[in-house]
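Secondary and tertiary structure notes
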Amino acid sequence: MGEIIQLDCVDAYNRLYGLPTLHPLVTVIDLTKATKTVNHVKMNYGLYALYLKQSANCTLKYGRKNYDYQEGSVVSFAPGQLVGVDTEEDEVRPDVYGLLFHPDLIYGTSLASKMNRYTFFSYSESEALHLSEQERGIFMDCLEKINIEAAHPADRHTHDLLAMNIELLLEYCLRFYDRQFCTRQKVNSDVLDKFEFHLNTYFQDGNSSKNGLPSVKYFADKAFLSPGYFGDLIKKETGRTAQEYIQSKVISLSKEQLLGTNRSVSEIANTLGFQYPQHFIRMFKKQTGQTPNEFRLQS
């Protein structure tokens, strides 16, 4: 898999597979109608993309790992991602449907300000969205509406209607991921338990004073998850973001040291991983309404 194909526009993708381009900034993909074969290549995306796979004859790779891209599942990519494509040699037309749209399409629409809601675009290879039969129907219905609008002669409503229909599809994907988080509660609970364990261990082993405050990515790597998926999972399980969870632990540990030791505020800040004491003081006051010294004196 040596060739790298740059996908900076919708038409570049359609030409690869021999598909028509109905709109320069958005296309609905039906690879069962492809007239060309694409295999053993890497695609460098300059587009947003979502793919629904209906059969097992196409494999997508991120780095050296295969996406968890089973039958009836959705994977999504954001601009800047490099993805490998492998298709079974005897399969010219993989049973794959999807949507690609250029970032320029959504500029000036309400969708542009909401894109940070759709964190699944940053999920990794093991975090595909697995759909029920009913959910697949909804997904395909959204694609059909987008395709109808893309094929419609452009008028003053086209831009907004396309963005609205894409936003509808993305909102449904959010709902489906919420359902997937709920149906995997045992797995999620294990991740949360390990998060708590690694969080405690990080401070107990003195990593904070040597390496600074831990990042969300540090714990996501421990769980073999992408930071985006890990953060969403923790938010669903606890009602707090992973960053808020870490900060809560830092405040709890700082209170223990303020009341249980004679260390100065600067020493405590250094122990917890703050480069500058004022950063610790600012966080503590934001979380508790008091400075560390005020908390210590009052207690």
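What counts, and where the lines are drawn
- Residues numbered from 1 in each chain as written.
- Predicted model: local features only at pLDDT ≥ 70, side-chain atom pairs only at ≥ 80, totals over all residues.
- Heavy atoms only, no water.
- Helix = DSSP H or I, 4+ residues; strand = E, 2+ residues; numbered from the N terminus.
- Buried < 20%, exposed > 50% of the residue type's maximum accessible area, 1.4 Å probe, protein only.
- Contact = heavy atoms within 4.5 Å.
- Areas by Shrake-Rupley, 256 points an atom, 1.4 Å probe, with all protein chains shown as cover.
- Lys, Arg positive; Asp, Glu negative; His and termini not counted.
- Charge placed at Lys NZ, Arg CZ, Asp CG, Glu CD.
- Core = buried A, V, L, I, M, F, W, Y, C linked by side-chain atoms within 4.5 Å.
- Phe/Tyr/Trp six-rings, centres within 6.5 Å; stacked < 30°, edge-to-face > 60°.
- Polar contact = N/O pair within 3.5 Å; in protein donor to acceptor, adjacent residues only side chain to side chain.
- Salt bridge = Lys/Arg side-chain N within 4 Å of Asp/Glu carboxyl O.
- Pairing = 2+ DSSP bridges.
- Axes fitted to C-alpha atoms, helices over the stretch in contact; angles between N-to-C directions.
- pLDDT = per-residue confidence, 0-100.
- Expected span 1.5 Å × (residues − 1).
- Arc of directions from axis to C-beta.

Each helix and strand counted, the protein has 11 helices and 10 strands in total. Overall, the protein is about 75 × 45 × 35 Å in size when its C-alpha atoms are taken along their principal axes. In the protein, which comprises 299 residues, the share counted as buried stands at 47%. Across the protein, the fraction of contacts at a sequence separation of at least 24, relative to all contacts at a separation of at least 6, is 72%. Split by element, the accessible area of the protein, about 15,200 Å² in all, is 49% carbon and sulfur. Positive and negative side-chain charges of the protein, numbering 32 and 36 respectively, have mean locations separated by a distance of 8 Å.

Take the nonpolar core next. With 63 residues, the main nonpolar core has Phe 120 and Phe 230 as its most contacted residues. If you look at the next biggest cluster of nonpolar residues, it comprises 23 residues, including Tyr 13, Leu 31, Met 43 and Val 96.

Next up on the list: unusual backbone geometry. In the Ramachandran plot, Phe 224 falls in the positive-phi region, its phi being about 60° despite a non-glycine side chain. One can find Phe 224 in the loop between helix H6 (216–222) and helix H7 (227–238). Overall, Phe 224 belongs to the exposed group, its relative accessible area being 68%.

All told, the structure shown has 24 aromatic pairs when counted by the stated rule. Each ring, one from Phe 120 and one from Phe 121, has its centre 5.1 Å from the other, and the planes form 35°; the classification is tilted. Accessibility expressed as a relative area gives 4% for Phe 121, which makes it buried. With a centroid separation of 5.9 Å and an interplanar angle of 65°, the aromatic rings of Phe 280 and Phe 284 are classed as edge-to-face. Of this pair, Phe 280 and Phe 284 both sit in helix H10 (residues 277–288), 4 residues apart, which is roughly one turn of the helix.

A separate point is the environment of Val 85. Inspection of the secondary structure assignment puts Val 85 in strand E8 (residues 82–87). A relative accessible area of 4% places Val 85 in the buried class.

Before going further, it helps to spend a moment on the side chain of Thr 109. Relative to the helices and strands, Thr 109 is located in the loop between strand E9 (96–101) and strand E10 (129–130). Only 2.6 Å separates the side chain of Thr 109 from the backbone oxygen of Ile 106, close enough to count as a polar contact. If near-sequence neighbours (up to four positions away) are discounted, Thr 109 is found in contact with His 159, Asp 160 and Ala 163.

Attention now goes to the pattern of salt bridges. Scanning the entire structure with this criterion turns up 9 salt bridges. A salt bridge links Lys 33 to Asp 30, with the nearest nitrogen and oxygen atoms 3.9 Å apart. For Asp 30, a relative accessible area of 17% translates into the label buried. Among the salt bridges present, the one from Glu 171 reaches Arg 117, with a minimum N-O distance of 2.8 Å.

This next bit is on the sheet that holds strand E2 (residues 26–30). Judged by pairing direction, the sheet is antiparallel, and its 5 strands sit side by side in the order E2-E9-E4-E7-E10 without closing on themselves. In this open sheet, the two strands that pair with only one neighbour each are E2 and E10. Pairing geometry for strand E4 (residues 48–53) and strand E7 (residues 73–77), over 5 bridges, is antiparallel. In the strand pairing of E7, Tyr 51 is matched with Val 75. Strands in contact with helix H1 (residues 10–17) are E2, E4 and E9; relative to E2, the strand with the most contacts, it is inclined by about 25°.

A word on the environment of Tyr 229. Take Tyr 229: it is sitting in helix H7. Taking the C-alpha atoms as reference points, Tyr 229 and Ser 124, separated by 105 residues in sequence, lie 7.8 Å from one another. Apart from residues no more than four positions distant in its own chain, Tyr 229 is found in contact with Tyr 123, Glu 127, Tyr 177, Gln 180, Phe 181 and Arg 184.

The next point concerns the pairing of strand E1 (residues 4–7). On E1, burial follows the alternation: Ile 5 and Leu 7 on one face are buried, whereas Ile 4 and Gln 6 on the facing-out side are not. Of the strand pairs in this sheet, E1 and strand E3 (residues 41–45) are connected by 4 bridges, and their pairing is parallel. Note that in E3 the partner of Ile 4 across the bridge is Lys 42.

Per-residue pLDDT for the protein has a mean of 87; in total, 90% of the residues score no lower than 70. For residues 61–65, every residue scores under 50 in pLDDT, and the model assigns this stretch 12 contacts once sequence neighbours within four places are set aside.

A separate point is H10. If you check H10, its first and last C-alpha atoms are 16 Å apart, about what 12 residues at 1.5 Å a residue would give, namely 16 Å. Taken residue by residue, H10 has Phe 280, Met 283 and Phe 284 as its buried positions. In an axial view of H10, the angular spread of the buried residues amounts to 100°, which keeps them on one side of the axis. Exposed and facing more than 90 degrees away from the buried side of H10 are Arg 282 and Lys 286. Elements in contact with the buried residues of H10: helix H8 (242–260), helix H9 (265–272) and helix H11 (292–298). Following H10 by one or two positions, Gly 289 has its phi on the positive side, about 85°.

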